[in-house]
Amino acid sequence: MKIVRAKIFGFGKWVDMEIEFPSEGPFIIFGENESGKSTFHQFILFMLFGMPPRQRKWYQPKTSSKMGGHLVMSDSEIGEFTIERFDHVKNGEATCMTATGEVYGEDWLRERLQGMNKDTFDSIFSFSALDLNGIKDMHEEELSDVLLSIGLTGSSNVYRVEKQLETRLGELFKPNGKNPTINQQLQLLQQLKKELAAIQQEEATYREKTMESQSLQDKLETLKNQQQELEKENKLLTKMRTAFPFLQEYKHLMSKRQAFQKSIDFPIHGVERLEKLKDSLRPLESEYAILRKNEDSYRRNLAEIDDQRLNQELMDELRTKLEQKQVYAKLIDKQQELQEVTAELKREISRELDELHIDLTQEELSEVSLPFYIEETWKQLKEDKERLAQETIRLEAEKRSLIEEEKYNYEQLEEKKAALLPETEITKIKQRLKQGKESIQLEAIYEADTQRKKNYALEKNKKIKQTNLYLITGIVIALLVSVSAIVLEQTFLFGLAAIIFLLSAGQNIFIKQNVKEMERVLNTPLEFESNTTLSEEEVLKLEQQLDDVEQIRNEMKQIQSDIQRQQVKFMQLEERERSLLEKEARLRQQFEEQYTSYPFLKNINSSYWLDYYHRLRKLLATHHEYEQHLRKLNEIGVELNQLEASIIFFVTKLDSDHSISAAIEAFVYIEKRLENEMELKQRQSHYMELMKEIEEKRLEIVERMNVHKREVAELLQAGHAQTEEEFYENAIYVADKAQFEKDVETNQRQLEVIFPDNRWESIIHEQLDELELSERQKELENNQHQNHKEIERTRALLAEVNAELNRLEGSEAYSQKMHQFELEKEKLNQLAKEWAIIKMEKEVLVETKQRYQTKYLSKVLEETTGFFSIITAGRYTTVLSPQGKQPFQVMSHDGVRYRVDELSHGTMNQLYVSLRLAISKVIAENHQLPFILDDAFVHFDELRVKRMMDVLQKVAIEQQMIMFSCKSDVVKACEELGISIFRLTGETETVKNTHFAISE
């Protein structure tokens, strides 16, 4: 099973992120600290196995309401399927969708994972740098539990089951105990046996006790009948007090029934329908009024146009005069065009200066110079200022975050210190545990020593015979070599013969001395004293207490380490803060230089300098154009002045009644009159068309209004109303009546719940007083209490008399006691049977653990040896499993053995990585899941990293490998080997809308 693609909608700092996983080879996720590697790792575990609600709160995104995502998996049996898991959906349970559209739930996912849970996955398919030291303390029993979990799916609780069996055995029976069940049963049988003997000896009168018992029984029966009557009456009073408010409410509702006798057939949703019709009419009426107003306005405008139009004779005369003066008109048009252009440019310059709000006038624009490089200078100053502001904000945010983390860590540290046991108490526990274990170990050593003496006695003669055989063989070989030296006349063969003889003799002497030394050691008597004897349960309890203390200490060390890291971060933040201050001073100096060159920039925010630059450049170009047009206009003015005298004379002669001081006024006058006439004619035609359209629209609106008015009339008739006010009154009446009937029905249901027998119908007519009911109930409760005390007293007397009678009935009491004795005896037999079954189950479990260790240990060690030999370049050839409480051992290429704690830190980490890869490869035969490493090579040098990545590349052929790392050595090794790398930037607090590519 492999991961194909991951899409995060929201998880910690990751929001809207999608990652494609390569189909072959290892997948390396690289990023600096705080870049989100661990968060992404937790997302994968969350999608596969889920997460408790309290733990999910830590990964709620700050900028998204969704917490969860999709994980696309590839399975060899069913193909691709998608795991969808969200915090707010089904309390974080998974929804699985196959490629064929089938949808499954959490149980189906657990079935695909073959019962694998998060803890088992972490122990087999995932590890980090924090786990590397685990191999130093791994012993035979722990390795056996791991191998058993490989062979049995879902057996991660083997240790817990074994401890439960031991606890149950202790609860059933202990040879010297009193509290175990079987011990208590034995004590009970002894007590019953004594009572049987006492019953046989008792004798007393019987008739007097029998009469007294009968009298007490009659009295008790009478008291019970009285108590039942009192309880029945008390229950009735309780119901009446409970139902009192409902009864009063029922009476009040019945008093209002007369007001709702009238029946009105009111249309469904009548009020809403009427309001809807009125809403539809309002815009039509408004539109109709507007049309009438527009029609009147158009008629007035037409009358005004008729008064303003000129007669045809005057129009013909104006056209004739205008045709005679075309030459002068062209000159005037050219002059006017230049004046308009010049005036427009001047207005544009003035308007632009006003919009810019800077201390510049049109005259000063000629002195302003903007070199080509000034744009880049202003742009750089703006970017530097913005970058400095962002860095300052980010620095403050990081500082606040560190202060909160530091406060939290100090609080956690104080809590752990408060939970830690005093050192004196820990020392006492260790001493007790040490003494108890030493006693157990000495006993085991004594038994082993006895057995070893027996075995050594059997092997002693065998070793001596073998040693003598080696000596004789060496002498024979030495003689043969000497003969060869004589025959071949080679003197060096005499030396070889002497060496062979000396080695044979030395070996014989050494082994015999060793045998004597072993006999002396084995014959030395072992003496020990067992001052303290602890049960296995007590040893486990003391070990658990020490484990808890060690766990708290480790957590305190981790917290203190976090505090130290935070202090380093504080120092880094202070260094960054000093750097920012220096940058700010340099930036301020650069701004002052610009203010000196361009004083108008002082009142302008630097963010807008570039915008001002472009507008100033445009403004300077416009000012230059304005000056050119002004010079041209002056030249044309000279030419027009020469023609103006003749033009004015002509116009004055044309119309002596109209005073004209310039030729341009005459032409303007003629043109305006002609244009005004054309405009009046067009407006007249336009108003005529508008009046025609208004009439058509008015008729259409009237028809639509009539339709709505007919619907309103029909609705009022259906509601039995002549007016809208009457219609609304009927609607209110119908609604109040429906509410009344609903209240009556609710009240009756409440009374029927209290009085299922409908007795409330008769009670409702009684005159009830809540205070009187309360007094009556108190009196009844007092009587009940007194009667109950008398019943208990009578019952106690009757029990005493009956007990005495039972004791006096000799043969019957004896048979009952004997029957009880036999029952308890049978119960003891059942308990003994249960104890034997549990004992057998424990032995079978121990045998199963040993069998699975034998089955998988050789495979795991074989794979571990292969990986370890490759990583260390053949320096170590064999990995030996731990024996008992002894740790792992390795054998070098020259045959020397080393304990794991004798290796260097880096080599020890390599051995642990090899072991974890071997276990993963063995279990991958049954569980095809990805293998995840989190900064596992933090202590490796560059050469070891390269060897390790080469191994991962080979393992990834059969199993998907995912690795999180912040080491540049890993990136370098991956680039050399062509392994896929996914880089996390970690520049922002939250990563959004990101689809990451994978670099090869």
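Residues numbered from 1 in each chain as written. Predicted model: local features only at pLDDT ≥ 70, side-chain atom pairs only at ≥ 80, totals over all residues. Heavy atoms only, no water.

## Digging into the overall build of the protein
For the record, the criterion: Helix and strand assignments come from DSSP, with helices taken as H or I runs of at least 4 residues and strands as E runs of at least 2, each series counted from the N terminus. Here the term buried applies to any residue with accessible area under 20% of the maximum for its type, exposed to any over 50%, and partly exposed to those in between, with areas from a 1.4 Å probe on protein chains only. Residues count as neighbours in contact if any of their non-hydrogen atoms are within 4.5 Å of one another. A 1.4 Å probe and the Shrake-Rupley method give the accessible areas. Residues count as covered only by the protein chains that appear here.
Per the secondary structure count, the protein includes 24 helices and 15 strands. Expressed as a percentage of the 1000 residues in the protein, the buried residues total 36%. Summarising the internal contacts of the protein: among those between residues at least 6 apart in sequence, 75% fall at separations of at least 24. For the protein, the exposed surface amounts to about 62300 Å²; the carbon and sulfur share of it is 51%.

## Looking at helix α23 (residues 942–955)
The following threshold applies: Each helix should span, by expectation, one fewer than its residue count multiplied by 1.5 Å. When we speak of the arc, we mean the arc of directions from the helix axis to the C-beta atoms.
For α23, spanning 14 residues, the distance from its first C-alpha to its last is 20 Å, which sits close to the expected 20 Å at 1.5 Å a residue. Listed in full, the buried residues belonging to α23 are Arg944, Val945, Met948, Met949, Val951, Leu952 and Val955. Burial along α23 is one-sided: seen end-on, the buried residues are contained in an arc of 160 degrees.

## A few points about the packing of helix α12 (residues 374–419) against helix α15 (residues 536–597)
Selection rule: Axes, fitted as lines to C-alpha atoms, cover a helix only where it is in contact. Angles between the N-to-C directions of the axes lie from 0 to 180 degrees. An angle below 35 degrees is read as roughly parallel, one above 145 as roughly antiparallel, one from 65 to 115 as roughly perpendicular, and any other as oblique. Two helices crossing with the near one rotated counterclockwise from the far one by less than a right angle form a left-handed crossing, whereas a clockwise rotation gives a right-handed crossing.
One can describe the packing of α12 onto α15 by two numbers: an axis separation of 8 Å at closest approach and a directional angle of 160 degrees. When the axes of α12 and α15 are compared, the pair comes out roughly antiparallel. Taken as a pair, α12 and α15 cross one another with a handedness that is left-handed.

## Quick notes on the nonpolar core
We apply this condition: In these notes, a set of buried Ala, Val, Leu, Ile, Met, Phe, Trp, Tyr and Cys residues joined through side-chain atoms within 4.5 Å is what counts as a nonpolar core.
Residues Phe40, Ile83, Leu917, Phe937, Met948 and Met949 are the most contacted members of the largest nonpolar core, which totals 83 residues. With 32 residues, the next largest nonpolar core counts Leu345, Leu365, Phe591 and Leu601 among its residues.

## So, the packing of aromatic side chains
For the record, the criterion: Only centres within 6.5 Å qualify two rings of Phe, Tyr or Trp (six-membered ring in Trp) as a pair; their planes then separate them into stacked at under 30 degrees, edge-to-face at over 60, and tilted for everything else. Charges are assigned to positions over rings by a cutoff of 6 Å between ring centre and Lys NZ or Arg CZ, combined with an angular limit of 35 degrees from the ring normal.
In the structure shown here, the tally under the stated rule is 15 aromatic pairs. With a centroid separation of 6.3 Å and an interplanar angle of 20 degrees, the aromatic rings of phenylalanine 21 and phenylalanine 40 are classed as stacked. Here phenylalanine 21 is found in the loop between β2 (14–20) and β3 (27–31), whereas its partner phenylalanine 40 is found in helix α1 (residues 37–49), with 19 residues between them in sequence. For the pair phenylalanine 21 and phenylalanine 40, a shared accessibility class is recorded, and that class is buried. Ring geometry for tyrosine 104 and tryptophan 108: centres 4.7 Å apart, planes at 10 degrees, overall stacked. By relative accessible area, tyrosine 104 is classed as partly exposed at 30%. Taking the relative accessible area as the measure of exposure, tryptophan 108 reaches 14% and is therefore buried. Across the ring face of phenylalanine 9, the terminal group of lysine 66 is positioned such that the distance to the ring centre comes to 5.1 Å.

## Considerations on the packing of helix α13 (residues 423–488) against α15
Direction vectors running N to C along α13 and α15 enclose 140 degrees, while the axes themselves pass 10 Å from each other. Judged by the inter-axis angle, α13 sits oblique to α15. When the axes of α13 and α15 are compared, the crossing they make is left-handed. Across the interface between the two elements, Glu423, Ile426, Ile429, Lys430, Arg432, Leu433 and Lys437 of α13 pack against Val539, Leu542, Glu543, Gln545, Leu546, Val549 and Arg553 of α15.

## Concerning a nonpolar patch on the surface
As a reminder of what qualifies: Candidates for patches are residues over 30% relative accessible area with no salt bridge; among them, like charges are joined within 9 Å and nonpolar side chains (Val, Leu, Ile, Met, Phe, Trp, Tyr) within 5 Å. Between Lys or Arg on one side and Asp or Glu on the other, a salt bridge is scored when a side-chain nitrogen of the former is within 4 Å of a carboxyl oxygen of the latter.
On the surface, Ile475, Leu479, Phe501 and Leu502 cluster together into a nonpolar patch covering about 380 Å² of accessible area. Among the secondary structure elements, those contributing two or more residues to the nonpolar patch are α13 and α14 (492–523). Position of leucine 502 relative to the elements: it lies in helix α14.

## Describing the pairing of strand β5 (residues 79–86)
Stated formally: Note on pairing: DSSP must find at least two bridges between two strands before they are called paired.
Of the strand pairs in this sheet, strand β4 (residues 68–75) and β5 are connected by eight bridges, and their pairing is antiparallel. Its bridge partner lying in β5, glycine 68 is registered against phenylalanine 86. Following β4, the chain reverses through three residues before pairing antiparallel with β5. Alignment of β5 against strand β6 (residues 94–98), held across five bridges, turns out to be antiparallel. Among the inter-strand pairings, glutamate 84 is bridged to a residue of β6, identified as threonine 95.

## Points about the confidence of the model for the protein
For clarity, the cut-off: As a per-residue measure, pLDDT tells how confident the predictor is, with possible values from 0 to 100.
When pLDDT is averaged along the protein, the result is 77, and 84% of the positions lie at 70 or above. When pLDDT is averaged over each element of the protein, β6 comes out on top at 92 and strand β15 (residues 994–996) at the bottom at 41. Within the model, the stretch residues 987–1000 combines pLDDT values under 50 with 38 contacts to residues more than four positions away or in other chains.

## Focus: unusual backbone geometry
Its identity is not glycine, yet aspartate 16 carries a phi of approximately 50 degrees, on the positive side. By the secondary structure assignment, aspartate 16 is in strand β2. Residue aspartate 16 is classed as partly exposed on the basis of its relative accessible area of 33%. Even without being glycine, lysine 90 reaches a positive phi, approximately 55 degrees. Considering the arrangement of structural elements, one finds lysine 90 in the loop between β5 and β6.

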